[in-house]
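Residue-level structure breakdown
Listed below, chain by chain, are the residues.
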Amino acid sequence: MAFSVLTIIYLLASVSFITGLKMLSNPSTARRGNLIAAAGMALAIFGTIFLYTDDTGKKLGNYIWIFAALFIGSVVGTMAARKVKMTAMPEMVSLFNGMGGACAALISIVEFNHLSHEIHQSTGTTLTDIFPASASYSAWFSEMAIILAGLVIGAISFAGSMIAWGKLNGRINDFSFKGQHIFNIVLFVVVLGLAGWMAGVYQNANNMVFYLILVLSLLYGVFFVLPIGGADMPVVISLLNSFTGVAAACGGFLYNNKAMLTGGILVGAAGTLLTILMCKAMNRSLLNVLIGSFGASAAGTSKSQVQGNFKEINLSDAAILLSYANRVMIVPGYGLAVAQAQHSCHELEKLLVSRGVDVKYAIHPVAGRMPGHMNVLLAEADVAYEQLHEMEEANEEFPTTDVVLVLGANDVVNPAAKSDPGSPIYGMPILEVELAKTCIVNKRSMKPGYAGIENELFFRPRTSMLFGDAKKVLQDLTAEIKNL
């Protein structure tokens, strides 16, 4: 009876994961979808704790340890999520994703130790005792292949996510050395070779080789992410997220846990699709992202260095332009998040709308530091989803837009992506804000963006610079417009 009830629980949990993921596609239902998926996960966890039994009929036990871990993890996770700033959200995503990879690797370590113990505890132990369903080579190979896949993928995801976390918060700098890509390839081949040897040699539970694979996988994860430039971090985060999903699915195979398997497959598939979509948005292949080191250093090969003089606009003139425009397009970027200015931006938008101005937002797929960063930021300020326009749609409207207000965005509006073959971002689709009648760019300074290259937009004849902290500038603009 317990088994059938647990099967139903896993089925309900799987359905909740799929439903929640579907609801995440729309900001109006995303919060509810997240809660539904979380409820399904809680159902699967408690169902496993109280109803799971192994082949001998034995339940889990160790309830004190289990609930202590659940309590500590829940408290830490809740406090961290409540206190984190929107600017640090990409770092938290990387950190949590890394913990998922570590858990998957630990599962593989535990299961390998169990298997190794069963093989070595007695000379009388046979493969039939370990694999009751089949005393065949294929049974051994499948068991070890899943254990090693979870170990390698989980370790790479953990180490890579920790490096991504350090790079996003500025504690770790981009690093590469001559021949690093060759070194990475050789290291990865060695890991695969050792793993294949362990899985391929019948009843070979070599502890030394197993932990060597673990160490090399962690090392590969570090060197895999280190040379990748800052502007590519959204793609890396998404890719590592898919790795964690695949590693979790391996754990689902090991324990024959349908909910864990389904959740891992969904995370892996969603992360992979998102990675592909972002690469498409940047007009680059995944291989180019991984070996191109886009944004790792300033663009020394680009011909677009200092373009000349730029124009500066004061608050009063900017307020007049915005107030008397028919159509305004706001382009949010990481600078908006840094300044925590999303609410001030929404206030300005509402004021302009009340004066008859058509206000919309143009969202680049890789703006910010993680996938969907700007969407989440604006949703937090209750900006209507209907006002958010994706890149293709926004680019069609820029030629008929009176004023574009760029708030902290840099690389995603840089015309060098279209005009300078020597630029690292050449070929990347951008928001073509330079086509608008007037473009006002708010930045703290003329410092280059995350890709480390000069922005040609700043020196275009239709562009004016409005320097200052985004939050204060938006508040001052709102006050100026009210006084007109």
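Up top is the structure.
The present account deals with the structure reproduced in this document. Predicted, not measured: the structure shown is a model, and the values here were computed from it.

**A few points about the packing of helix H14 (residues 342-354) against helix H18 (residues 470-483)**
- Where H14 meets H18, the axes come as close as 9 Å, and the angle between the chain directions of the two elements is 20 degrees. Looking at the two axes, H14 sits roughly parallel to H18. For H14 against H18, the interelement crossing comes out left-handed. For the pair H14 and H18, contact is made by Ser344, Cys345, Leu348, Leu351 and Leu352 and by Lys471, Leu474, Gln475, Leu477, Thr478, Ile481 and Lys482, respectively.
- Class assignment for the residues of the contact of H14 with H18 results in seven nonpolar, three polar and two charged.

**A closer look at the pairing of strand E2 (residues 358-363)**
- Of all six residues making up E2, five are buried, and the element is well covered by its neighbours.
- Alignment of strand E1 (residues 327-332) against E2, held across four bridges, turns out to be parallel. For Met329, the partnering residue across the bridge sits in E2 and is Lys360.
- In this fold, the crossover linking E2 to strand E3 (residues 388-390) by way of helix H15 (residues 373-380) has right-handed handedness.

**Structural notes on the sheet that holds strand E4 (residues 403-407)**
- If you trace the six strands from one edge of the open sheet to the other, you get E3-E2-E1-E4-E5-E6, paired in parallel fashion. The open sheet has two edge strands with one neighbour each: E3 and strand E6 (463-467). Neighbouring strand axes in the sheet, compared pairwise and without regard to direction, differ in orientation by 25 degrees on average.
- The strands touched by H14 are E1, E2 and E4; relative to E2, the strand with the most contacts, the crossing angle is about 145 degrees.
- Most of the contacts of H18 go to E6, to which it runs at about 105 degrees, and overall it touches E4, strand E5 (438-443) and E6.

**Overview of the packing of helix H12 (residues 315-323) against H18**
- Taken N-terminus to C-terminus, the directions of H12 and H18 make an angle of 65 degrees; their axes are 9 Å apart at the nearest point. Taken together, H12 and H18 sit at an angle that is classed as roughly perpendicular. The handedness of the crossing between H12 and H18 comes out as right-handed. Judged by residue contacts, Leu315, Ser316, Ala318, Ala319, Leu322 and Ser323 of H12 engage Val473, Asp476, Leu477, Glu480 and Ile481 from H18.
- For the contact of H12 with H18, a count of residues per class yields seven nonpolar, two polar and two charged.

**Re the side chain of Asn414**
- The topology assignment puts Asn414 in the loop between E4 and helix H17 (416-419).
- Taking relative accessible area as the criterion, Asn414 reaches 0% and is therefore assigned buried.
- Only 3.2 Å separates the side chain of Asn414 from the backbone nitrogen of Glu456, close enough to count as a polar contact.
- Filtering out sequence-adjacent residues up to four positions away, Asn414 remains in contact with Ile425, Ile430, Ile453, Glu454, Asn455 and Glu456.

**Comments concerning the pattern of salt bridges**
- Tallied over the entire structure, the rule returns ten salt bridges.
- The salt bridge involving Asp476 is made with Lys472; its shortest N-O contact spans 2.9 Å. Here Lys472 and Asp476 lie together in helix H18, a separation of four residues that amounts to about one turn.
- For Asp476, a relative accessible area of 24% puts it in the partly exposed group.
- The structure contains a network of salt bridges with shared partners spanning Arg327, Asp358, Lys360 and Glu397.

**Quick word on the pairing of E5**
- Counting buried positions along E5 yields six of six residues, so the element is predominantly enclosed.
- Because side chains alternate across E5, one face comprises the buried residues Thr438, Ile440 and Asn442, and the other comprises Cys439, Val441 and Lys443, equally buried.
- The pairing of E4 with E5 spans five bridges and is classified as parallel. Bridging from a neighbouring strand, Val403 pairs with Thr438 of E5.
- For E5 and E6, the ladder comprises five bridges, and the chain directions are parallel. Bridge pairing in E6 links Val441 to Met465.

**Details of H18**
- In this model, H18 (14 residues) spans 20 Å end to end at C-alpha, consistent with the 20 Å of a helix rising 1.5 Å per residue.
- Those residues of H18 lying buried are Ala470, Val473, Leu474, Leu477, Thr478 and Ile481. An end-on view of H18 places all buried positions within 135 degrees of arc, on one side of the element. Looking at H18, the residues exposed on the side facing more than 90 degrees away from the buried face are Lys482 and Asn483.
- Contacts from the buried residues of H18 go to H12, helix H13 (334-338), H14, E4, E5 and E6.
- Near the N-terminus of H18, the side chain that reaches the backbone nitrogen of Lys471, with its oxygen 3.2 Å away, is that of Asp469.

**So, the nonpolar core**
- Counting 38 residues, the largest nonpolar core has Met144, Leu148, Met198, Phe210, Ile213 and Val225 as its most contacted members.
- Considering every element that reaches this core, the biggest residue donor is helix H6 (residues 137-168), with eleven residues.
- The residues touching Val225, leaving out its near neighbours within four places in the chain, are Gly160, Ile163, Ala164, Lys167, Met233, Val236 and Leu240.

Rules behind the numbers
- Residues numbered from 1 in each chain as written.
- Predicted model: local features only at pLDDT ≥ 70, side-chain atom pairs only at ≥ 80, totals over all residues.
- Heavy atoms only, no water.
- Axes fitted to C-alpha atoms, helices over the stretch in contact; angles between N-to-C directions.
- Helix = DSSP H or I, 4+ residues; strand = E, 2+ residues; numbered from the N terminus.
- Parallel < 35°, antiparallel > 145°, perpendicular 65-115°, else oblique.
- Left-handed = near helix turned anticlockwise from the far one by under 90°.
- Contact = heavy atoms within 4.5 Å.
- Nonpolar A, V, L, I, M, F, W, Y, C, P; charged D, E, K, R; others polar.
- Buried < 20%, exposed > 50% of the residue type's maximum accessible area, 1.4 Å probe, protein only.
- Pairing = 2+ DSSP bridges.
- Right-handed = clockwise from strand over helix to strand, strands pointing away.
- Polar contact = N/O pair within 3.5 Å; in protein donor to acceptor, adjacent residues only side chain to side chain.
- Salt bridge = Lys/Arg side-chain N within 4 Å of Asp/Glu carboxyl O.
- Expected span 1.5 Å × (residues − 1).
- Arc of directions from axis to C-beta.
- Core = buried A, V, L, I, M, F, W, Y, C linked by side-chain atoms within 4.5 Å.

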